[in-house]
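Summary of structural features
Here is how the chains run, residue by residue.
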Amino acid sequence: MKKYLLFMCLFFASAMAFDAAAQIVVQGRVTSSDDGEPLPGVNVLVENTTKGTVTDVDGNYSITLDGDENVLVFSFIGFATERISVSGRSVIDVSLASDITSLDEVVVIGYGTLQERELTTAITTLKTEEITKTPTGQAMQALQGKVAGVQIVSNGAPGAAPTVRVRGIGSFEGNAAPLYVVDGMFFDNIDFLNTNDIATISILKDASASAIYGMRAANGVVLIETKSGAYGQEPEIVYDGYVGIQVPQNVIKMANSEQFVRYINEVGDPADLAFVDNAFQRYGRSRVNPNVPDVNTDWYDEVMDPSTIQNHSLSFNGGSESTRYSIGGSYFDQQGLLNETRNEFKRLTFRAKLDTDVKKWLTVGGNLNVSMARQYVGENAAWFDAYFAVPIMPVYDEQNSNASPFRLANARQLGYRNRQNPFFPLLYNDNRNNIGKVLGNFHLDVHLLEDKLSFKTVYNYSMEAISARNVDFNYSDGMENVQSALVRETVTSFDQVWDNYATYRDNWGAHNLTLVAGYSFRSEYRELLYARGTEIQGLDRDQEEFWYLSRAANININDIRDTDGNTLNSRLFYQSVFGRLAYNYDGRYLLYSTFRRDGNNKFQTKYGNFATFGAGWVLSEEAFFDVGFIDFLKFRGGWGQLGNDGIRPAEGSPTFDEGRLTVINGAPVTGRFLNPAFDRITAFEKTEEINVGITANLLASRLSFEADYFIRDTKDLAVNIILPGFREPVRRSVGEIRNTGFEFSIDWSDRISDKWAYSVGGNLATLENEVRGLGGAKSLNAGSAEFRQISIVGEPFEAFYGYELVGVFQNEQQISNSGYTQEFLAENNLQPGDFYFKDQNGDGVIDDEDRVILGSYLPDLTYGFNIAVSYGNFDLTAHFQGQAGNSILNRKRGEIIFTNDTNLDAELADNLWRGDGTSNKYPSAAGLRKGWNQNMSEYFVENGSYFRVQNVRLSYLFKGQILGSQMPETRITLTAERLLTVFDYNGFNPEVADGIDRQVYPIPAIYTVGLNIKL
C-alpha cells in the first residue's frame, strides 16, 4: 500500500509539473477572408492535443499555452484549416479562406473514394482512435453499439469472433456474415488483424453502396484499410499496449445442496431419493444441516477463475516527398476462464506497407500481412456438465480408487446416469488449432492524364492454413475405461484477386464527374484432410511429443476424408466487369450509379447483373436556403441489387433407387424404383434494397444527425419444400424474406473553454424481419421436434413456436374452469402445479392448432450512446449499448426432457409452485418431470433484452519536459470493458447468436491498464 501511495503521489506531482511549466496567453480575432466578417464557433486547438477553445460571437478567442506548445490550428466548417506557429506572440489575428471541400472527409468505397458530402448511400466509417478503445483480439467487437443497423453478438471464448449482422438476416442457408474486404482482398472473417493495424473500418450497409461487390455483398460489406505512413512525415516510432484481467460476470447461481435435496424430496421419486441416500453413505451428513450430505459443490466456482489478457504492438511510420511506409508487429494473448485445461488464444502478427512515386505519373506499392496464432479451445462439455452436475458430489473423491489418473468423483457411483463431473472433459481433452495466414498485395497506379485519368492494377494473394488437433486421453472413471483418441484436420485456403480499373475525373463549370470502369478476376481453393485414430500408444498429458496419429493402434478408413461434399477440394473461379458513375452539379444535385456483371463456376446460372442508382439533394447549397443554424442538409436515396452465393448448389435429376422390393403376381420381385424428387439450386440468392436518408450538420457543425429507412427484399432463397404427392423434402429457390427498419445517429460536440471540452452521441436502429414466401407453403419447420422453431409467411425467420401460458393451475377448481374438455383433462391427468396453456381456438383441447409464435431471436431495437469529457490532458469516455425485443430459448432448462436426474438453477429451485398462490410462473417440482409441462411453451422462452455499460476509459497525456528533459508523448489509459450488464434472462449473458442457449461461453468483464508512447 505504501508503494502504491508513493506511486500515485509521483504521478500527480509529475502531472502538476507539466501544468506548472511556463505559460503564455494568446488571444486574437478570426475573420472571413471573403468579406472580413467575424467567424463565431471557430475551433482553435493546440496541435496534436485535445486542448483548445472556440471563438465567440465576435470571432474573438483566448487560450493559455504551456511552454512547449507552439502551434495553433484554426478550423471551421466551409473554410480551409490554418496552422499557425505562435513563436512567442501574444496576439494572433487570423483570416480564414473559404474552402467548400473542408465540408467533406474522404470516405473509402468500393474501388475508390468519395467525399462524404457526395455520398447518396448508407456508409458508416470508424477510425483507429475509436476502434482501439476496446481491449479485444477481434476488431469487429470494437464496433458493438457504435453503428446503427449493425448487430454485434459477443463471444467470450479466447480468439472467438463475434457474430456480425448488417440489417438482419436474409437467407435460410447462407451465412449471414458480411463480406470483409481488407486492402482489396476478400475474407470471411478478420481474426488475423490486430486492432492497432487498422486505419479505418467502413460499413457499407445498403445495396446502393455495396452492390459493386456483386454476388458476395448481400449481407453487407465491411471495408478495412490498414495503416499507412504519410508523405513528408518525420519518422515515428509508436508503442501501444495494455495488460489486464478478465473477470466472470453474471454467473448463474445453481441450486446448492439444501435447495437440491429439498427439490428431490418434493419430487418424491424413489430413485432420486436413493441417490441422495447414497451420497449420505459415501460423504456423510453435513454438520450445519444434517438433512443434506456433507458436500456442497459450486461447480461454476470450481471450473472458472479470472484470467489475463494483454496486447503489445510496435510500429514504425514515416515518409519522404515520394515514399511512405508503415512497418509494425503485435502480440496478443488472451487466457480463457476455464480451469485445469489449456484454454487460450495467442497471436503474433507482422505487417509492412510501402508506397513510392517512381515517377510523377507512376506509383507502385505493396502490403504484407502475416499472422500466426495458436488457439486452445476449452471443451464445451465442461460448461454443460457444470450446469447439470449435482451439488452433493465433490470434484475429487478419494474413495473412487479405481479412477485414474485422477480420482475424480463420478455421479454414476451414486446411481445417476452420467458422470456429470465437468473435470472429466477438462482434464481429459486437449483441443488445439494452429492458424497461419499470409496476405500479400501489390499495386501499380498510372496517372495517364494529370488530375483526370488514372489506371490501377492490384493483385492480392491470401493463404490460410488451419491445423486442428483434438486429443481425448485414456482414463478410467472408476466404473469403465475410456479409450484414447486423436483427430487431425487440416484446412488450407488459397485465394487470389486481380483487379484492374480506370478512373476518370473531370469538372467543367458547375459539373463534377467521376467514372470508374474495371475488370476483376478471383479464384478460391480449399483443401481438407481429416483422420481419426484410437488407442494412441504412450499418450500422456505431459508428453506432447507422442501425440501423433502414427502411434494409433486403430485408424478406421471410414474416418479418413479429404472432402466435405460441398466446396472443399474444389476451385471456384470468378470474373467480373464493373463500373461506377458519380456526378454532382454545383455540389447541390448528386447522382450515383454502379453496375457489376458477376460470374462464377459454382452454379448452372453462370452470370448475374447487379445495378444500383442513387440520388441526393444538398438543400443547404440552394440560394434560397437561409436557415442560419443549419450548416449542411442533404436528402438522399438509392436502390440496388445484390447477390448471395454462400449456399450449396444442386443440379439434380430423377434417380433410380436400387434394391426396392415389390410383389408381382404374388411373388416378391427386387428391382429399381424411379424417384422423381431431387434438389435444384442453380443460381445465387438475390437481394433488392431501397434506402432513403437525410444527413445534416447544425449549429456550426457542433450537432450532426443522420437517419435512414430501408426495405430489403431477398428472393430466390434456397429452402426445403414438399412437392405435391411426395413426402421427402427437396431444395428449391423459392423463398423470400424482407427486412425493414429505421436507423438514427446523432452527435454533439463542443468546447466550453481552453481546457474543457465534451461530446455526447447516440444511435438506434429498428428491425422488422418477415418471411414473405416459401414457394406456396405456409410454413417451414426448423429447430428440433421438442423445441420447435418455425418460419411462417408473415412472421419472423425461424421464430420460437409453442404454447402460450395463461399461468400455473393453482387448484382443482381452476382446472375444472379452464375450458378444457373432461375427456382431455382425464387423459392428461392435470393437477395443481401444472401449466395452464391457452386454448387458442377454444375447442377444449390443447394440440398443434394452439401453438403460436413465442418470439424471435432477432432484436426489434438495438442502440448505443456515448459521453466524452476532456480537461487539459485528461480524457474520460463512456460507451453504453443494448438491445430490446428479442427472445432466448433457455434450452438448458429443457434438458430435463432427456435426463431428469440433474441439478437445476437456484431461481427455479426457490420459486417452484408449492401450493395455491405460491407461483404462477413455474410448475411444481413433480410437474417439472411431467410430459405436459415439458411441451414447448413460453416457459422456455425468455426476454433477451439488456442494457450494458460497454466501455469506460480514462487517460492522461504526458507531454513536455520533466526534470529538465524532453520526454516522448506518453498516454496512460485505464479501461473497463463490459463492467455492468443489466438483464432478466436466466443465463450468463443475453448475447446468444442463434437465440438457443444450451450452454454459451461466459462473456467476462475486462479491466486493463494501457500505455502509448510516441517517439
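Everything quoted here is computed from the prediction, not taken from an experiment. (Residues numbered from 1 in each chain as written. Predicted model: local features only at pLDDT ≥ 70, side-chain atom pairs only at ≥ 80, totals over all residues. Heavy atoms only, no water.)

1. Quick notes on unusual backbone geometry
For the bond running from serine 404 to proline 405, omega is 0°, close enough to zero to count as cis. Topologically, proline 405 is positioned in the loop between α7 (381-388) and α8 (423-427). Positive phi values are uncommon outside glycine, yet alanine 700 reaches one of about 55°. Relative to the assigned elements, alanine 700 resides in the loop between β37 (685-698) and β38 (703-722). You will see that glutamate 798, though not glycine, has its phi angle at about 45°, which is positive. Counting through the fold element by element, glutamate 798 comes out in the loop between β43 (788-792) and β44 (799-802). Judged by its relative accessible area of 19%, glutamate 798 is buried. (Helix = DSSP H or I, 4+ residues; strand = E, 2+ residues; numbered from the N terminus. Buried < 20%, exposed > 50% of the residue type's maximum accessible area, 1.4 Å probe, protein only.)

2. Some details on the nonpolar core
Ranked by internal contacts, the top residues of the largest apolar core, which has 100 residues, are Phe172, Tyr263, Tyr300, Val303 and Tyr820. Residue contributions to this core reach at least three from each of two domains, namely domain 2 (106-231) and domain 3 (331-568). Excluding residues within four positions of it along the chain, tyrosine 263 makes contact with Ile896, Thr902, Leu904, Leu912, Ala925, Leu928 and Arg929. Counting 26 residues, the second-largest nonpolar core is a separate cluster that includes Val181, Val221, Tyr501 and Phe578. (Core = buried A, V, L, I, M, F, W, Y, C linked by side-chain atoms within 4.5 Å. Domains from an automatic or database assignment. Contact = heavy atoms within 4.5 Å.)

3. Let's talk about helix α4 (residues 257-267)
Residues Ser257, Gln259, Phe260, Val261, Tyr263, Ile264 and Val267 constitute the buried set of α4. Among the residues of α4, the N-terminal cap falls to asparagine 256, whose side-chain oxygen and the backbone nitrogen of glutamate 258 are separated by 3.2 Å. Of the residues trailing α4, glycine 268 is marked for its positive phi of about 75°. (Polar contact = N/O pair within 3.5 Å; in protein donor to acceptor, adjacent residues only side chain to side chain.)

4. What about the side chain of aspartate 905?
Position of aspartate 905 relative to the elements: it lies in the loop between α11 (891-894) and α12 (906-910). A relative accessible area of 0% places aspartate 905 in the buried class. A polar contact of 3.2 Å, which involves the side chain of aspartate 905, links it to the side chain of tyrosine 387. Within the local environment of aspartate 905, its side chain forms a polar contact with the side chain of arginine 893, the two groups lying 2.9 Å apart. In contact with aspartate 905, not counting residues within four places along its chain, are Ile252, Lys253, Met254, Ala255, Tyr387, Arg893 and Asn986.

5. Comments concerning the domain arrangement of the protein chain
We note that the domain assignment places domain 1 (22-96), domain 2 (106-231) and domain 3 (331-568) within the protein chain. Relative placement of domain 1 and domain 3: their C-alpha centres are 53 Å apart.

6. Here we look at the sheet that holds strand β42 (residues 779-783)
Pairing in this open sheet of 4 strands is antiparallel, and the strands run β42-β43-β44-β47 from one edge to the other. If you trace the sheet from one side to the other, it starts and ends with β42 and β47 (852-855), each paired once. Strand after strand, the sheet turns through a mean of 50° between neighbouring axes, direction not considered. Pairing of β44 with β47 involves 3 bridges; the strand directions are antiparallel. Paired with glycine 802 across the bridge in β47 is valine 852. (Pairing = 2+ DSSP bridges. Axes fitted to C-alpha atoms, helices over the stretch in contact; angles between N-to-C directions.)

7. Here we look at the environment of glycine 284
Tracing the sequence through the fold places glycine 284 in the loop between α5 (270-283) and α6 (299-303). Overall, the relative accessible area of 24% leaves glycine 284 in the partly exposed class. On a C-alpha basis, the gap between glycine 284 and tyrosine 475 in space is 27 Å, while along the polypeptide they are 191 residues apart. Ignoring anything within four residues of it in the chain, the contact list for glycine 284 reads Ala279, Val292, Pro293 and Asp294.

8. A look at the side chain of aspartate 240
Within the element layout of this structure, aspartate 240 appears in strand β17 (residues 236-247). For the buried residue aspartate 240, which engages in no salt bridge, the nearest side chain bearing the opposite charge is arginine 953, 6.1 Å off. With residues near it in sequence (within four places) discarded, aspartate 240 still touches Asn196, Asn311, His312, Ser313, Leu1011 and Asn1012. (Lys, Arg positive; Asp, Glu negative; His and termini not counted. Salt bridge = Lys/Arg side-chain N within 4 Å of Asp/Glu carboxyl O.)

9. Observations regarding the pairing of strand β30 (residues 589-600)
Side-chain positions along a regular strand alternate between the two faces of the sheet. In terms of strand pairing, strand β29 (residues 571-585) meets β30 through 12 bridges, oriented antiparallel. In the strand pairing of β30, serine 576 is matched with aspartate 598. As consecutive antiparallel partners, β29 and β30 are separated by 3 residues, and within that stretch aspartate 586 has a phi angle of approximately 60°, a positive value. Examined bridge by bridge, β30 and strand β31 (residues 607-618) share 11 bridges and lie antiparallel to one another. Note on β31: the bridge partner recorded for arginine 596 is phenylalanine 610. Counting the residues that bridge the hairpin from β30 to β31 gives 6 residues.

10. With respect to a negative patch on the surface
Together, Asp298, Asp301, Glu302 and Asp305 give the surface a local cluster of negative charge. You can see aspartate 298 is positioned in the loop between α5 and α6. (Patch = residues over 30% accessible without salt bridge, like charges linked within 9 Å, V, L, I, M, F, W, Y side chains within 5 Å. Areas by Shrake-Rupley, 256 points an atom, 1.4 Å probe, with all protein chains shown as cover. Charge placed at Lys NZ, Arg CZ, Asp CG, Glu CD.)

11. Regarding the pattern of salt bridges
According to the stated counting rule, one finds 55 salt bridges in the structure shown. A salt bridge links aspartate 397 to arginine 282, with the shortest nitrogen-to-oxygen separation between them at 2.6 Å. With a gap of 115 residues between them, aspartate 397 in the loop between α7 and α8 and arginine 282 in helix α5 connect regions that are remote in the sequence. Look at aspartate 397 and you get buried, because its relative accessible area is 3%.

12. Examining the packing of aromatic side chains
Tallied over the full model, the rule gives 49 aromatic pairs. Here tyrosine 820 and tryptophan 932 contribute two aromatic rings whose centre-to-centre distance is 6.2 Å and whose plane-to-plane angle is 65°, an arrangement assigned as edge-to-face. Taken together, the residues span a long stretch of sequence, with tyrosine 820 in the loop between α9 (812-816) and α10 (822-828) and tryptophan 932 in the loop between α13 (925-928) and β51 (941-943) at a distance of 112 residues. According to the relative accessible area criterion, tryptophan 932 is buried, its value standing at 7%. (Phe/Tyr/Trp six-rings, centres within 6.5 Å; stacked < 30°, edge-to-face > 60°.)

13. Considerations on the UniProt feature "domain: TonB-dependent receptor plug" (unreviewed entry) in the protein chain
Under the UniProt annotation, the feature "domain: TonB-dependent receptor plug" (unreviewed entry) is placed at residues 116-221. Spanning residues 116-221, this segment combines 8% helix with 26% strand, and its end C-alpha atoms are found 18 Å apart. (UniProt positions renumbered as here; feature names shortened; annotations may be inferred.)

14. Re the sheet that holds strand β1 (residues 23-32)
Pairing is mixed across the open sheet formed by 3 strands, whose spatial order is β4-β1-β7. Of all the strands in the sheet, the pair left with one neighbour each is β4 (60-66) and β7 (94-96). In this sheet, adjacent strand axes meet at a mean angle of 35° when their direction is disregarded. When β1 meets β4, the two strands line up antiparallel, connected through 7 bridges.

15. Points about the environment of asparagine 189
Along the chain, asparagine 189 turns up in the loop between β14 (185-187) and β15 (198-204). Sequence separation of asparagine 189 and asparagine 421 is 232 residues, and the distance between their C-alpha atoms is 35 Å.

16. Looking at the packing of α4 against α5
Two numbers describe how α4 lies on α5: the axes approach to 8 Å, and their chain directions differ by 145°. Two packed elements cross with a definite hand, and for α4 against α5 that hand is left-handed. Of α5, the residues touching α4 (which contributes Val261, Ile264 and Asn265) are Asp272, Leu273 and Val276. Counted by class, the contact of α4 with α5 contains 4 nonpolar, 1 polar and 1 charged residues. (Left-handed = near helix turned anticlockwise from the far one by under 90°. Nonpolar A, V, L, I, M, F, W, Y, C, P; charged D, E, K, R; others polar.)

17. Overview of the pairing of strand β23 (residues 453-472)
Pairing of strand β22 (residues 429-449) with β23, which is carried by 20 bridges, proceeds in the antiparallel orientation. From the neighbouring strand, leucine 439 faces β23, where its bridge partner is serine 462. Sheet topology note: the β23/strand β26 (residues 485-508) ladder contains 20 bridges and is antiparallel. Within β26, the position partnered with isoleucine 466 by the bridge is valine 491.

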